[in-house]
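Structure assessment
So you can see what is in the structure, the chains are spelled out below.
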Amino acid sequence: MTLSSSDKSSFLEGPVSRSILRLAFPMIVAQLIHAMYNVVDRMYIGHIPGAAANALTGVGLTFPIICIVTAFTNLFGSGGAPLFSISWGKGEEKRAETIMGNSFSLLLVTAVLLTAMILIFKRPLLYLFGASDVTFPYADQYIAIYICGSVFAMSSLGMNSFINAQGFGRTGMLTVLLGAVVNIALDPLFIFVFHWGVRGAALATVISQCVSSVWAVSFLCGKRAKIRLRTASMRIQPALVGEIAALGSSGFFMAITNSGVQVVCNATLQRFGGDLYVGVMTIINSIREIATVPVSGLTSASQPVMGYNYGAGKYRRVQAGIRFMSVAAITVLSTVWLCLLLFPEWFIHLFNNEPELVAACVPSMHVYFFGFFMMAGQMAGQSSAVALGRSKQAVFFSLLRKAFIVMPLTLILPRMFGLGVTGVFLAEPISNFIGGGACYITMLLTIWKELKEKSAHEV
């Protein structure tokens, strides 16, 4: 989200909580739309008559591949946008235009290469990711169509960053909203009316991504854009590629780590529980994706407020922002945990109604979401680090939780004390307590300590 001068000046006035909440609402709406965009396919697929559970499991097996596509989108889209903003802010409009053009070219080239590689190796990849002979056909049908639209997925999401960077926040939100509405409308038509099943869901997603991509690129090429996307700026410059990739590397590694975690979870669940529990993890991941949206929007909105006050030397206001963000995040996630604990079947039924899957999913959810409020420590600690320009600290704790806690525990716990599949779901709460606690305590010992010292001398 790009901020106007009036937005920025208001950061120094009135309660910090009010500034954060004013920014949080549109961010939560935009992120919720994006989450629904990803989840709606699974909701419809999970209710296909006669094949719901296996179809849902098959689509769940494609998550790691989709994460890889997202990773490269982050590398060149999220990496190019801040570099674009820096150059534009310096008055170097030609360089900013070249950065945007190079990012677009890199997204297109990478999409074509990924499409070719995944289509060639999709069979061994899907089996590596936990597919069985029963679920492979569904995973294959979905990814074979979905990946052919990766050029649209990457260009719409990647170039939307440049729309936001030019100050068109509403237009950026419409890019996501437009695709979500098309996807939600086409899914039931293709799946249940035309009886195209999983293929229909994938085709609906590709069409919706195409619509979003055309919207985003057309806007950037049009007269309303402050800096336009031009053919002359799309010639790739090797020096710029390095700069773009350097800024996008944190988002890239986070998405790749997500992919790795999902691969390990699915493969381990397949070994100890079979297709049924891979389907359970698909449902749990989908619920978690929606459940974290309010806190994700809140912490994202806190960053510019805290960052601006830090730059202005208003350290007490930064402390107030961290306090509000932390308390609000714990409150929201505790409420979500209580709802998931009391009404698990309601959330599961959004994705599937088969008794066997529901029966297996309820206890697994209770384990997986135990102490869910501890995620607040991770999210608040990371956001504080990002807001104050300590991105390396934020990336370290993200990798610590996922790569060095979740993945090893997922492999080890199922083999201990006869835990089996319960060990896979137990890895998440353990990582939340250890990783979330370590991240927040480190923030208190470093960032908070620095703010406390500086605020003592604040006028």
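Each remark here, short or long, concerns the structure printed above.
My aim in this report is to walk through the structure given alongside it, one point at a time. (Residues numbered from 1 in each chain as written. Predicted model: local features only at pLDDT ≥ 70, side-chain atom pairs only at ≥ 80, totals over all residues. Heavy atoms only, no water.)

Summing up its helical and strand segments, the protein chain has 18 helices and zero strands in all. Here the C-alpha atoms of the protein chain give a radius of gyration of 22 Å, agreeing with the 23 Å that 2.2 N^0.38 yields for 459 residues. Each principal axis of the C-alpha atoms in the protein chain carries an extent, and together these give about 65 × 50 × 35 Å. In the protein chain, buried positions account for 54% of the 459 residues. For the protein chain, contacts bridging at least 24 residues in sequence account for 81% of all contacts bridging at least 6. Accessible surface, the protein chain as shown: approximately 19,100 Å² in total, 68% of it carbon and sulfur. (Helix = DSSP H or I, 4+ residues; strand = E, 2+ residues; numbered from the N terminus. Rg over C-alpha atoms; globule rule 2.2 N^0.38 Å. Buried < 20%, exposed > 50% of the residue type's maximum accessible area, 1.4 Å probe, protein only. Contact = heavy atoms within 4.5 Å. Areas by Shrake-Rupley, 256 points an atom, 1.4 Å probe, with all protein chains shown as cover.)

Turning next to empty space enclosed by the protein. By the definition in use, this model includes one cavity of 30 Å³ or more. There is about 30 Å³ of room inside the largest cavity. For the lining of the largest cavity, the secondary-structure elements that each account for two or more residues are α13 (315–342) and α15 (355–368). Partitioning the lining of the largest cavity into residue classes produces five nonpolar, one polar and no charged. (1 Å grid on protein atoms, 1.4 Å probe; cavity = no way out; pocket = protein on both sides within 12 Å on 5 of 7 lines; lining within 4 Å. Points joined across faces, edges and corners; volume = space filled by probe spheres on them. Nonpolar A, V, L, I, M, F, W, Y, C, P; charged D, E, K, R; others polar.)

When the terminal C-alpha atoms of helix α7 (residues 150–165) are compared, their 23 Å separation across 16 residues agrees well with the 22 Å that a helix rising 1.5 Å per residue should span. Those residues of α7 that fall on the buried side of the exposure criterion are Ser150, Ala153, Met154, Ser155, Ser156, Gly158, Met159, Asn160, Phe162, Ile163 and Ala165. Residues of α7 that are buried sit in contact with α4 (63–89), α5 (93–128), α6 (136–146), α8 (169–193) and α9 (197–221). (Expected span 1.5 Å × (residues − 1).)

This part covers the side chain of Asn102. Relative to the helices and strands, Asn102 resides in helix α5. A polar side-chain atom of Asn102 sits 2.7 Å from the main-chain amide nitrogen of Gln237. In this structure, Asn102 is in contact with Ser233, Met234, Arg235, Ile236, Gln237, Leu240 and Ile244, ignoring residues within four places of it in sequence. (Polar contact = N/O pair within 3.5 Å; in protein donor to acceptor, adjacent residues only side chain to side chain.)

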